[in-house]
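As a plain string of letters, each chain reads:
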Amino acid sequence: MTPLSRRIPRTRRTLLAVAAAGAALTLAACGGNVGASPGGEGADYPTGPVTITVGQDAGGSTDLIARAVAEGMAEDLGVSVPVVNRAGANGALATEEVAGKPADGYEPVLLNASLITITPLAVSEEEAVDLSNLDVLKGLSQDDYVLLASAESGFENLDDLKGASGDIKYGTTGVGTGSQLAQAVLFAQAEIEGTAVPFDSGSPALTAVVGDQVQVATVQLGEAKPQIDAGNVVPLLAFSAERNQFLPDVPTAVEEGYDVPVSQYRAVAAPKGLPEDVKARLVESIDAAIASDTYTSFNENNLLTPHEISGEEVTTEWSEPTEKYRALTEEYDINLAEG
C-alpha cells in the first residue's frame, strides 16, 4: 500500500503541517487543555458558572439582594449564576473564604458594609476583614435599620421602652453588626437596661421578636415591613439619618436626640487581582442586572434605596464610619465582642 504521505500532494501536506503547528500553539496558549475548567481571562470569559457567595442565611435581605443580582447577571453573561450561603460572623467566614480563591472572576461575594465598618470593633485585628484584600466591583443599595417591639410587649414608642422596668432583651442580627451597634449605643445613651441576644441574621431575629422571645429587635426594614403591616411588630424608630420614605410616621433616633445613624449598604466584590478585562465584564453584567425592570421592581418591593456606585467609591465610603463608631463605643464603654 502506498504510504499516506506519498498519496497527499506536497502542497497539501505543507498546509496540514502549518495547521497542526497553529493548533499546537493555540493549545499551549490555553494551557494545553481546551476543555479546562472555568478560569483565566480574555474574550472567552465566562466559560462556566459564576458563583456568588453570601455570608448570611437564606431568606434575609442580603441573600435576596444577591439572588436578584444573580438573575440579571446570568442573563447578561449567558451562564448560570448560583448563590451559595456560608453564614457566620456577619459574613467574615464567607468573605475570607472567597478572598483566598483564584482571582479568575468565578467567585464574587456579596458584602455588607457593617462587616467592614463595625465588625472590626468586635473582633481582633487578625480576624477583621480587610477590604484591600478584595476587588470591589459595584455598590448596590441602602437598607435602613428599624427598631421593632413585639406586639405583646405593649411598647408603642421609645418613651414606653425607656419607662419599662427590668432588663429588656433585645435581638440583634449578630456580633459586629449594625443592628448590634445601633441598639447598644441607643440603650447606653437613653440609659435603658438591656441584654443583647445575638442571632445569625435578620430572619431569626425578626422571628424572635414576633414571638416575644425578645421584647425588641433591630432588623432591616425590607425584612420587617410585612410583619409591621400585619401588626405583629411595632416600629419604634429608625436608625437612618432621615425618616425613611416607607415609614414616614416613624421618627429616627437622631430626631429623638440620640446620635445613632446606622444604615446597611451592600456591594459585590471578588478576590484581589482580577484581570482587567474580566473585572470589566463582571461590572458590565452587574450594571445590566441593576438596570433591569425586574431589579428595579425588586428594590421597590423590598423597600431598598438604590445606592449604585463604583467599586472605588464603595472603598472610600466604607472606610469613613469606623472611627466614628469606635469613638461611640469607647465613649459609652460598649464591648461589641460580648454580644
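Keep in mind it's a predicted model, so treat the numbers as computed, not measured.

J.: Sorry, what's going on with the environment of Arg326 here?
T.: Relative to the elements of secondary structure, Arg326 occurs in helix 13 (residues 321–331). On the accessibility criterion, Arg326 (31% relative accessible area) is partly exposed. Separated by 206 residues in the primary sequence, Arg326 and Pro120 place their C-alpha atoms 9.4 Å from one another.

J.: Explain the side chain of Thr218 here, please?
T.: Take Thr218: it is sitting in strand 7 (residues 216–220). With a relative accessible area of 0%, Thr218 lands in the buried category. A distance of 3.3 Å separates the side chain of Thr218 from the side chain of Gln183, its partner in a polar contact. Apart from residues lying up to four places away in sequence, Thr218 is in contact with Tyr145, Val146, Leu147, Gly171, Thr173, Ser179, Gln183 and Phe239.

J.: Quick question: what am I supposed to make of the nonpolar core here?
T.: Note on soluble globular proteins: their nonpolar side chains tend to be buried together. If you look at the biggest cluster of nonpolar residues, it comprises 32 residues, and the most contacted ones within it are Leu147, Leu161, Val216, Leu236, Phe239, Val260 and Val262. Those elements giving two or more residues to this core turn out to be strand 4 (134–150), helix 6 (158–162), strand 5 (168–172), helix 7 (178–190), strand 8 (233–238) and helix 13. Ranked by residues supplied to this core, first place goes to helix 7 with 7 residues. Discounting chain neighbours no more than four positions away, the residues touching Leu147 are Leu161, Gln183, Leu186, Val216, Ala217, Thr218, Val234, Pro235, Leu236, Leu237 and Phe239. Within the second largest apolar cluster, 30 residues are counted, among which are Met73, Val83, Leu137 and Ala289.

J.: Would you take a moment to explain the pairing of strand 6 (residues 194–198) for this structure?
T.: A regular strand places its side chains so that they alternate between the two faces of the sheet. Direction of pairing for strand 5 relative to strand 6: parallel, over a ladder of 5 bridges. Pairing of Thr172 across the sheet is with Pro198, part of strand 6. Viewed along the sheet, the connection from strand 5 through helix 7 into strand 6 turns out right-handed.

J.: Just checking my understanding: could you explain the packing of aromatic side chains for this structure?
T.: Any two aromatic rings considered together are summarised by their centre-to-centre distance and by the angle between their planes. Scanning all chains against the criterion turns up 3 aromatic pairs. Both rings, one in Tyr45 and one in Tyr106, keep their centres 5.1 Å apart while their planes meet at 70 degrees; by these two values the pair is edge-to-face. Here Tyr45 is found in the loop between helix 2 (10–29) and strand 1 (52–54), whereas its partner Tyr106 is found in the loop between helix 4 (92–99) and strand 3 (109–112), with 61 residues between them in sequence. Each member of the pair, Tyr45 together with Tyr106, is buried. Pairing Tyr170 with Phe187 gives two aromatic rings, centres 4.6 Å apart and planes at 45 degrees, and the pair type is tilted.

J.: I keep staring at the side chain of Gln56 and nothing clicks. Help me out?
T.: With respect to the helices and strands, Gln56 occurs in the loop between strand 1 and helix 3 (61–77). Residue classification places Gln56 among the buried positions, given a relative accessible area of 8%.

J.: Help me understand the environment of Glu193 in this model?
T.: Topologically, Glu193 is positioned in the loop between helix 7 and strand 6. Overall, the relative accessible area of 57% leaves Glu193 in the exposed class. In this structure the C-alpha to C-alpha distance between Glu193 and Lys162, which are 31 residues apart in sequence, comes to 8.7 Å. What Glu193 contacts, discounting residues up to four positions off in sequence, is Gly166, Asp167, Ile168 and Phe187.

What counts, and at which threshold
- Residues numbered from 1 in each chain as written.
- Predicted model: local features only at pLDDT ≥ 70, side-chain atom pairs only at ≥ 80, totals over all residues.
- Heavy atoms only, no water.
- Helix = DSSP H or I, 4+ residues; strand = E, 2+ residues; numbered from the N terminus.
- Buried < 20%, exposed > 50% of the residue type's maximum accessible area, 1.4 Å probe, protein only.
- Polar contact = N/O pair within 3.5 Å; in protein donor to acceptor, adjacent residues only side chain to side chain.
- Contact = heavy atoms within 4.5 Å.
- Core = buried A, V, L, I, M, F, W, Y, C linked by side-chain atoms within 4.5 Å.
- Pairing = 2+ DSSP bridges.
- Right-handed = clockwise from strand over helix to strand, strands pointing away.
- Phe/Tyr/Trp six-rings, centres within 6.5 Å; stacked < 30°, edge-to-face > 60°.

Fair warning: the whole summary comes from geometry, so function is off the table for now.
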